[in-house]
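Residue-level structural notes
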Amino acid sequence: MKLLITGASGFLGKYVVAEALRQGYEVQAVVRPMTDVSQFSWFQDPRIEWVRLDLRSQQGWIETLQTTDAVIHLAAVKAGDFYDQFAGTVVATENLLAAMAQAHVFKLIVTSTFSVYDYLQMKAGTILDEQAPLEQCPDDRDEYARTKLIQEDLIRQFEQKYQAQVTILRPGMIYGRECLWHALLGAELGENRWLKIGGNATLPMTYVENCAEAIMTAVTAEAAIGQTINIVDDELPTQNEYIQGLLKRTDSPPKLIPVSWFAMKSISHLAWWVRETWLGGKARLPGILVPAKLYARFNPLKYSNALAHELLQWQPRYCFETSLDRSYSAEDLLQVE
């Protein structure tokens, strides 16, 4: 089977490509035109075809898909303003789906995100699973959440129109060697300073190698067709446990400035009230002072991966401590034997 993988050189994408090669697939790896692929030990593997495309353009897609059996769509833009992210996520997906329809390729695995859920409406301690409510006020959220909600709608429309075999996977925060200090812990405050928000909340995370294996299981999991499945690991640390794991492995950790979850959410609600009541709803607030954004990162919830176990028959390979050990090791985690 030949797989087309978008975002193949990205943080998650390179692990998915490596896992696909380990499992014996042929891979069409879609990368940006200027990407240096020689950084990967397997860049000359005879089973891989490097495809240099601008996802925002329609050119080249149909020709590329002529020999494709299934598509794993990972590419998305997380930086820039709404228009940058709309082009890199929504327009790119529209172009891909249009080309798939013309090339008659109708098997698709897509990675979405936990960002699509409506965290402000969930009470502390609630179990977040696939039945949790989706964001009802996307304009109050960040550009990434807004564009991923639109992307999911496009995917389901494609599925219904063409009776396509579609699986949507929603990973939690993906962590690994290239992403260890992340937004679920707090906010960076200049050079080597970190605002640590909360401490006891469970982190909805998946280690990047575990996530890549989950994505690959979806390629052949017939029970997952037509489903939306959350991906988080079995062993989920709290914020404090995760940070302690980082600190004992980091030579020069940032200085932590702690603030409690109760204090932070109180400050954000007050700031939002002032904005709406006295500033006509027009003032631009930092993300941590916008309740919808703050709750999406720090609302202390519980998480279930039961559906991933059931439909994908997925078992995360690496536990939390081993995942951190691998992240800090000098081992080539992308080696394909």
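These lines cover the structure that appears in this document, whether it is placed above or below. Remember, it's a predicted structure, so these values are computed and weren't measured experimentally. (Residues numbered from 1 in each chain as written. Predicted model: local features only at pLDDT ≥ 70, side-chain atom pairs only at ≥ 80, totals over all residues. Heavy atoms only, no water.)

Quick look at the layout of surface pockets
Stated formally: In this analysis the probe radius is 1.4 Å and the grid spacing 1 Å, with only protein atoms considered; a cavity is a set of points the probe fits into but cannot get out of, a pocket is an open set with protein on both sides within 12 Å along at least five of seven lines, and lining residues have an atom within 4 Å of a point. Grid points are joined across faces, edges and corners, and a volume is the space filled by probe spheres set on the points. For the purposes of this entry, the term helix denotes a DSSP run of H or I that reaches at least four residues, the term strand denotes a run of E that reaches at least two, and both are numbered from the N terminus. The nonpolar class holds Ala, Val, Leu, Ile, Met, Phe, Trp, Tyr, Cys and Pro. Asp, Glu, Lys and Arg form the charged class, and all remaining residues, Gly among them, are polar.
Reported here for the second largest pocket is a volume of approximately 190 Å³. Lining the second largest pocket are 14 residues; nearest its centre among them are Arg22, Glu209, Arg326, Leu333 and Gln335. Residue assignment for the lining of the second largest pocket shows that the elements contributing at least two residues are helix H1 (13–22) and helix H5 (208–220). Of the residues contributing to the lining of the second largest pocket, the split by class is four nonpolar, one polar and nine charged.

A closer look at the sheet that holds strand E13 (residues 255–259)
Sheets are built from strands that pair by backbone hydrogen bonding, the pairs being arranged parallel or antiparallel. Which entries qualify depends on this criterion: For two strands to pair, DSSP has to find at least two bridges joining them. Only C-alpha atoms enter the line fits that serve as axes; for helices the fit covers just the stretch in contact. Angles between N-to-C directions range over 0 to 180 degrees.
Strand order in the open sheet made by the three strands is E9-E10-E13, with mixed pairing throughout. Strand pairing shows two members of the sheet lacking a second neighbour, strand E9 (186–188) and E13, which therefore form its edges. Direction aside, the axes of adjacent strands within the sheet are offset by 20° on average. Pairing between E9 and strand E10 (residues 193–197): three bridges, direction antiparallel. What sits directly across from Gly186, in E10, is Lys196.

Observations concerning the nonpolar core
Selection rule: The criterion is simple. A nonpolar core is a set of buried Ala, Val, Leu, Ile, Met, Phe, Trp, Tyr and Cys residues joined through side-chain atoms within 4.5 Å. Working definition: with a 1.4 Å probe on protein chains only, accessible area under 20% of the residue-type maximum means buried, over 50% means exposed, and in between means partly exposed. Contact definition: two residues touch when any of their heavy atoms are within 4.5 Å.
Ile5, Trp42, Ile72, Tyr242 and Leu312 are the most contacted members of the largest nonpolar core, which totals 58 residues. Among the elements that take part in this core, H5 stands out by supplying eight residues, more than any other. Discounting residues that sit within four places of it in the chain, Ile72 has contacts with Leu3, Leu4, Ile5, Thr6, Val16, Ile109, Ile215, Met216 and Val219. Core analysis: the second largest hydrophobic core is formed by 26 residues, Leu55, Val71, Ala75 and Val110 among them.

Thoughts on the packing of helix H3 (residues 82–103) against helix H4 (residues 143–162)
Between two packed helices, the angle of one axis relative to the other and the distance separating the axes together describe the packing. The cut-off we apply is this: The cut-offs work like this: below 35 degrees is roughly parallel, past 145 is roughly antiparallel, 65 to 115 is roughly perpendicular, and the gaps in between are oblique.
It is at 9 Å that the axes of H3 and H4 come closest, and there the two elements cross at 10°. Classified by the angle their axes make, H3 and H4 are roughly parallel. Here H3 contributes Phe82, Gln85, Phe86, Thr89, Val90, Thr93, Glu94, Leu97, Met100 and Ala101 to the contact with H4, which in turn contributes Glu143, Tyr144, Arg146, Thr147, Lys148, Ile150, Gln151, Leu154, Ile155, Phe158 and Tyr162. Broken down by class, the residue content of the contact of H3 with H4 amounts to 12 nonpolar, five polar and four charged.

Regarding the packing of aromatic side chains
When we look at a pair of aromatic rings, we describe it by the centre distance and by the angle of the planes. Threshold: Under the pairing criterion, centres of Phe, Tyr and Trp rings, with the six-membered ring standing for Trp, must be within 6.5 Å; the plane angle then separates stacked pairs below 30 degrees from edge-to-face pairs above 60, leaving the rest tilted. Charge over a ring is defined by NZ of Lys or CZ of Arg lying within 6 Å of the ring centre and within 35 degrees of the ring normal.
Summed over the entire model, instances satisfying the criterion amount to 17 aromatic pairs. Taking the centre distance of 6.0 Å and the plane angle of 10° together, the rings of Trp42 and Trp50 count as stacked. Residues Trp42 and Trp50 agree in their burial class; the two are buried. The residue whose ring lies beneath Arg146 is Phe82, and the NZ or CZ to ring-centre distance is 4.2 Å.

Section: the pattern of salt bridges
Cut-off, in case you're wondering: The term salt bridge refers to a pairing of a side-chain nitrogen on Lys or Arg with a carboxyl oxygen on Asp or Glu at a separation within 4 Å.
In total, this model carries 15 salt bridges according to the counting rule given. For Asp45, the salt bridge goes to Arg47, with nearest N and O atoms at 2.8 Å. In this structure Arg47 comes out as partly exposed when scored by relative accessible area, which is 27%. Beyond isolated ion pairs, a larger network of salt bridges with shared partners links Lys248, Arg249, Glu321 and Asp325.

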